[in-house]
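Coordinate inspection notes
Residue strings, one per chain:
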Amino acid sequence: MLEVHHLSCQAGGRTLLDAVSAQFDKGCVTGLLGPNGAGKSTLLKVTAGLVPACAGKITLDGHDIQSLTTAQLARQLAYIPQDNPPLPAIPVCEIISLGRLPYGETGSRAIKHYAVENALKATGLADLAQRRADQLSGGEKARLMLARALATEAEIILADEVMAALDPAHALSVMQILRSQAEAGRCVVLVIHDLLMATRFCDNLVLISDGKVQASLPPADLTDTLVQNVYGVTTRKIGTGLVPWNRV
Ligand SMILES: Nc1ncnc2c1ncn2[C@@H]1O[C@H](COP(=O)(O)OP(=O)(O)OP(=O)(O)O)[C@@H](O)[C@H]1O
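Residues numbered from 1 in each chain as written. Predicted model: local features only at pLDDT ≥ 70, side-chain atom pairs only at ≥ 80, totals over all residues.

Looking at the sheet that holds strand β6 (residues 77-80)
The strands that make up a sheet pair up through hydrogen bonds in the backbone, lying either parallel or antiparallel. Strand order across the open sheet formed by 6 strands is β6-β7-β8-β3-β9-β10, with mixed pairing between neighbours. Looking at the sheet topology across the chains shown, the edges are occupied by β6 and β10 (212-217). Across the sheet, the mean angle from the axis of one strand to that of its neighbour is 15 degrees, orientation sign disregarded. By the bridge criterion, 4 bridges tie β6 to strand β7 (residues 156-160) in an arrangement that is parallel. The residue of β7 that forms the bridge with Ala78 is Ile157. (Pairing = 2+ DSSP bridges. Helix = DSSP H or I, 4+ residues; strand = E, 2+ residues; numbered from the N terminus. Axes fitted to C-alpha atoms, helices over the stretch in contact; angles between N-to-C directions.)

So, the sheet that holds strand β1 (residues 2-11)
Pairing in this open sheet of 4 strands is antiparallel, and the strands run β2-β1-β4-β5 from one edge to the other. Both outer strands of the open sheet, β2 (14-24) and β5 (63-64), are each paired with one neighbouring strand and no more. Pairing analysis gives 2 bridges linking strand β4 (residues 55-60) to β5, with the strands arranged antiparallel. The residue bridging Thr59 from the neighbouring strand is Asp64, located in β5. Together, β1, β2 and β4 form the strand contacts of helix α1 (residues 40-47), whose direction differs from that of β2 by roughly 65 degrees. (Contact = placed C-beta atoms within 7 Å.)

A few points about the packing of helix α5 (residues 114-122) against helix α6 (residues 138-151)
Between α5 and α6, the least distance of the axes is 8 Å, while the angle of their chain directions is 150 degrees. When the axes of α5 and α6 are compared, the pair comes out roughly antiparallel. The two elements α5 and α6 cross, and the hand of that crossing is right-handed. Contacts between α5 and α6 involve Ala115, Val116, Ala119, Leu120 and Ala122 on the former and, on the latter, Ala147, Leu150 and Ala151. Of the residues belonging to the contact of α5 with α6, the class tally is 8 nonpolar, no polar and no charged. (Parallel < 35°, antiparallel > 145°, perpendicular 65-115°, else oblique. Left-handed = near helix turned anticlockwise from the far one by under 90°. Nonpolar A, V, L, I, M, F, W, Y, C, P; charged D, E, K, R; others polar.)

Describing the site of the ligand
Surrounding the ligand, one finds Ala11, Gly12, Arg14, Leu16, Gly34, Asn36, Gly37, Ala38, Gly39, Lys40, Ser41 and Thr42. Looking at the shell around the ligand, the elements with two or more residues in it are β2 and α1. No other element matches the 3 residues that α1 contributes to the shell around the ligand. Tallied by class, the residues present in the shell around the ligand amount to 3 nonpolar, 7 polar and 2 charged. (Near = placed C-beta within 6 Å.)

Considering the environment of Leu150
Position of Leu150 among the secondary structure elements: in helix α6. Its 25 C-beta neighbours within 10 Å are what place Leu150 among the buried residues. Counting along the chain gives 15 residues from Leu150 to Ala165, while the straight-line C-alpha distance between them is 19 Å. (Buried ≥ 20, exposed ≤ 12 C-beta atoms within 10 Å, placed from the backbone.)

Structural notes on the pairing of strand β9 (residues 204-209)
Two elements, strand β3 (residues 29-33) and β9, share 4 bridges in a ladder whose sense is parallel. Note that in β9 the partner of Leu32 across the bridge is Val206. Note that β9 and β10 share 5 bridges and pair antiparallel. If you follow Val206 over to β10, its bridge partner there is Ser216. Hairpin remark: β9 followed by β10, antiparallel, with 2 residues in the connecting loop; positive phi at Asp210, about 50 degrees.

Describing the nonpolar core
If you look at the biggest cluster of nonpolar residues, it comprises 74 residues, and the most contacted ones within it are Ile80, Ile96, Leu146, Ala147, Leu158, Leu178 and Leu190. The element best represented in this core is α6, accounting for 8 residues. When neighbours within four sequence positions are excluded, Ile96 is seen to be in contact with Val116, Ala119, Leu120, Leu144, Ala147, Arg148 and Ala151. (Core = buried A, V, L, I, M, F, W, Y, C linked by C-beta atoms within 7 Å.)

Let's talk about the confidence of the model for the protein chain
Chain-level pLDDT for the protein chain is 96 on average; 100% of the residues reach the 70-or-more range. This complex was scored by the predictor with a pTM of 0.96 and an ipTM of 0.98. (pLDDT = per-residue confidence, 0-100.)

Examining α6
Between its first and last C-alpha, α6 extends 20 Å over 14 residues, near the 20 Å set by a 1.5 Å rise per residue. Burial within α6 is extensive, with 11 of its 14 residues counted as buried. Contact partners of the buried residues in α6: β6, α3 (92-97), α5, β7 and α7 (168-183). Just downstream of α6 lies Glu153, where phi reads positive at about 55 degrees. (Expected span 1.5 Å × (residues − 1).)

Comments concerning α1
Across the 8 residues of α1, 7 count as buried, placing the element largely inside the fold. Within α1, burial applies to Lys40, Thr42, Leu43, Leu44, Lys45, Val46 and Thr47. Positive phi appears at Gly49, one or two residues downstream of α1, with a value of about 80 degrees.

Here is the structure:
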């Protein structure tokens, strides 16, 4: 289990996270919801060790992750950033094989690793394996970043708005991939703005605004009132999910 305990983060004289505590269970997809600027990406970056916290700690199965070396952490935790970094003019399969670096696997050995082949297939990129990464579309790049994360076989996947650039079919298939990772026992934490996808497919939701956790609950317990308080919008129900309907 991944837990953050009273995490605080400040930058530029502002408080970005204010004593945030949350639990992210293995075997579950947790959706991080909240308005723009709420602190969701900051929480993922601090959890991934990319941005320092000014207070609090992060534990994995009860152990402070600061006790892990960088390589150990990279084998335990895969982070997918919100903004795709500029990609070099090298084949897609080589980018995915970078997911094997934490194990010291490089070159053709890494490219031939079953985890790289599985990641190519799972993300629907097998046909693009030899395509130059810098020539991919936005949605293809997003799937490439997911594939690189899958190639690490990390127990924890932190994904920041991976579905933002995806068409509906690919968004659904990425959600299925993340769900199957959770069903394989992994811990998936997903920043997501799509309320319907979040309420349909996540096991737990953590609502954040103003750098604070406002609620942590299963999607079935998410009420219209709570969504109004956090986003300032009313909702309608579609099946088991909620969709934003009108501004309050
Ligand atoms: N390095 C920084 N220095 C100062 N302020 C920052 C810094 N990084 C982020 N912020 C601010 O912290 C707040 C939280 O940012 P964050 O990226 O975590 O929000 P978010 O919830 O992921 O938003 P979005 O949904 O728009 O992606 C924002 O107001 C942002 O402008």
